[in-house]
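# Structural features, examined
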There are 2 protein chains.
Amino acid sequence: MELGTYLPYLVNRVGQRFISDITPVLSEAGVDIQSWRVLIALYQRGAQTVGALSDLTSINFSTLSRVLGRMEKKDLVRRVRDAEDARSFTVELTANGKSVTETILPQAAALEAKVTGDFSEAELAMLRQLLGKLYVGLSDYSEERDDRLAG
Amino acid sequence: MELGTYLPYLVNRVGQRFISDITPVLSEAGVDIQSWRVLIALYQRGAQTVGALSDLTSINFSTLSRVLGRMEKKDLVRRVRDAEDARSFTVELTANGKSVTETILPQAAALEAKVTGDFSEAELAMLRQLLGKLYVGLSDYSEERDDRLAG
DNA sequence: TAAATATATTTGCAAGTGCAAATTATGGGG
DNA sequence: CCCCATAATTTGCACTTGCAAATATATTTA
């Protein structure tokens, strides 16, 4: 096995670069990377329970609970008891959260466009599709392992 | 912009899944994810200075300094003053580090093979190539920004 | 319908992280 | 030769993170 062909390595370094490239934009808006993940998820998919948001953002649920605490202090989101199941909280964007998201979003889109400037449309579509397929493979694997443990 | 087509989102969730899928294997060997990144890098590319290792693993250099501290305690690596430039340390695998890496490596390879079971060889090659290309795009962007700041 | 069990979220705690300052060492100019 | 600018690494500090236990609510069972 060679490092340059090892998928976790290739994926991780791209992920880290994305973070360091977007961080200056986020700092300017007073938002950290985790909060940004929450903001886009809520903006694109609408209000979510904490658990659903944890799945959607890949942020550990207890970490997420504290991220949401920070975000509430900054008036970015609001947690309201779920009407149907009072064990859950529904997390929703505040007007301020929506506005902050709409400030960052075009800059994030511009960054993505810029760093993929050398990609053809077909390549971009292919990359997205393959990442999606890989995610499915990884998820299936996790589930198999969990089933094994559950007996 | 839709979440399901947003590259940082697609990359991040794949990265997180890789981590959660490999973690049980690493725990069994008493190694954390950061240490594992260092182990593969050293195993594949040979001894490195701390700075080079930071680039190679995408681990922040001050974090890396402490990761290396943990790894030294476990006799996985050794830091020796660089003969040519005494400001640098050269980090190298110990015999134990090599052996631990060789225990984990086949399991990591098997995991990668399993989660990409549905990929054709062409798709796998394409995914690796596109991730490499994306990394280049992201790096160019970082450099442009740094140049701008440096004046 | 009270007890037992299951689910959603938060919290205590010990450990890990990143920034910026400190430390250790190099190399060129006076 | 010593000083100053530069470079590699570590460390102080405040904050973030993840695990496991605690809390709050829902559902099933007897």
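Residues numbered from 1 in each chain as written. Chains lettered and ligands numbered in written order. Predicted model: local features only at pLDDT ≥ 70, side-chain atom pairs only at ≥ 80, totals over all residues. Heavy atoms only, no water.

### A closer look at the pattern of salt bridges
Here the structure, examined in full by the defined rule, presents 16 salt bridges over all chains. When the shortest N-O distance is used, the salt bridge between Glu144(A) and Lys114(B) registers 3.3 Å. Taken together, the residues Glu144(A) in helix H6 (residues 121-150) and Lys114(B) in helix H5 (residues 95-115) connect one chain to another. (Salt bridge = Lys/Arg side-chain N within 4 Å of Asp/Glu carboxyl O. Helix = DSSP H or I, 4+ residues; strand = E, 2+ residues; numbered from the N terminus.)

### Description of the protein's contact with DNA strand D
In the vicinity of DNA strand D there are 22 residues, among which Thr63(A), Arg66(A), Arg70(A), Gly51(B) and Arg66(B) approach most closely. If you look at DNA strand D and keep only atoms within 4 Å of the protein, 66% of those are sugar or phosphate atoms. The side chain of Ser65(B) places a nitrogen or oxygen atom 2.9 Å from a phosphate oxygen of DNA strand D. For DNA strand D, a base oxygen lies 2.5 Å from a polar atom in the side chain of Arg66(B). Grouping the amino acids of the surface near DNA strand D by side-chain chemistry returns five nonpolar, nine polar and eight charged. (Near = heavy atom within 4 Å. Polar contact = N/O pair within 3.5 Å; in protein donor to acceptor, adjacent residues only side chain to side chain. Nonpolar A, V, L, I, M, F, W, Y, C, P; charged D, E, K, R; others polar.)

### A few points about the protein's contact with DNA strand C
As a structural note, the neighbourhood of DNA strand C is formed by 22 residues, with Gly51(A), Arg66(A), Thr63(B), Arg66(B) and Arg70(B) the closest of them. Put simply, 69% of the atoms of DNA strand C that lie within 4 Å of the protein are in sugar or phosphate. Within the backbone of Gly51(A), a nitrogen or oxygen atom sits 2.6 Å from a phosphate oxygen of DNA strand C. Separating a phosphate oxygen of DNA strand C from a backbone N or O atom of Phe89(A) is a distance of 3.1 Å. Taken together, the residues of the surface near DNA strand C break down into five nonpolar, nine polar and eight charged.

### What to know about the relation of the copies chain A and chain B
The operation relating chain A to chain B is a screw motion whose rotation component is 180°, with 0.0 Å of axial translation and a residual RMSD of 0.0 Å. Considering both components of the superposition, the chain copies are consistent with a two-fold axis. (Least-squares fit on C-alpha atoms with pLDDT ≥ 70 in both.)

### Some words on the interface of chain A and chain B
With 58 residues of chain A in contact, the opposing surface of chain B contributes 57 residues. Across the chain A/chain B interface, buried area totals approximately 5900 Å², and carbon plus sulfur atoms make up 66% of it. Of all residues in chain A, Arg17(A), Tyr135(A) and Leu138(A) bury the most surface against chain B, accounting for 10% of the area lost on that side. The tally of links from chain A across to chain B stands at five salt bridges. Ionic pairing is found between Arg45(B) and Glu2(A), a salt bridge with its closest N-O pair at 3.3 Å. Here chain A is connected to chain B by 23 residue pairs in polar contact (both at pLDDT 80 or more). Mapped by element, the contributors of at least two residues to the side of chain A that touches chain B are helix H1 (7-28), helix H2 (33-45), helix H3 (50-57), helix H5 (95-115) and H6 of chain A. Class assignment for the residues of the side of chain A that touches chain B results in 29 nonpolar, 15 polar and 14 charged. (Contact = heavy atoms within 4.5 Å. Buried area = accessible area lost by both parts, 1.4 Å probe.)

### With respect to the nonpolar core
If you look at soluble globular proteins, the nonpolar side chains tend to sit buried side by side. In terms of nonpolar packing, the biggest core is built from 90 residues, with Trp36(A) and Trp36(B) touching the most fellow members. With residues up to four places along the chain from it excluded, the contact list for Trp36(A) reads Ile22(A), Leu26(A), Val31(A), Thr101(A), Ile104(A), Leu105(A), Ala108(A) and Tyr6(B). (Core = buried A, V, L, I, M, F, W, Y, C linked by side-chain atoms within 4.5 Å. Buried < 20%, exposed > 50% of the residue type's maximum accessible area, 1.4 Å probe, protein only.)

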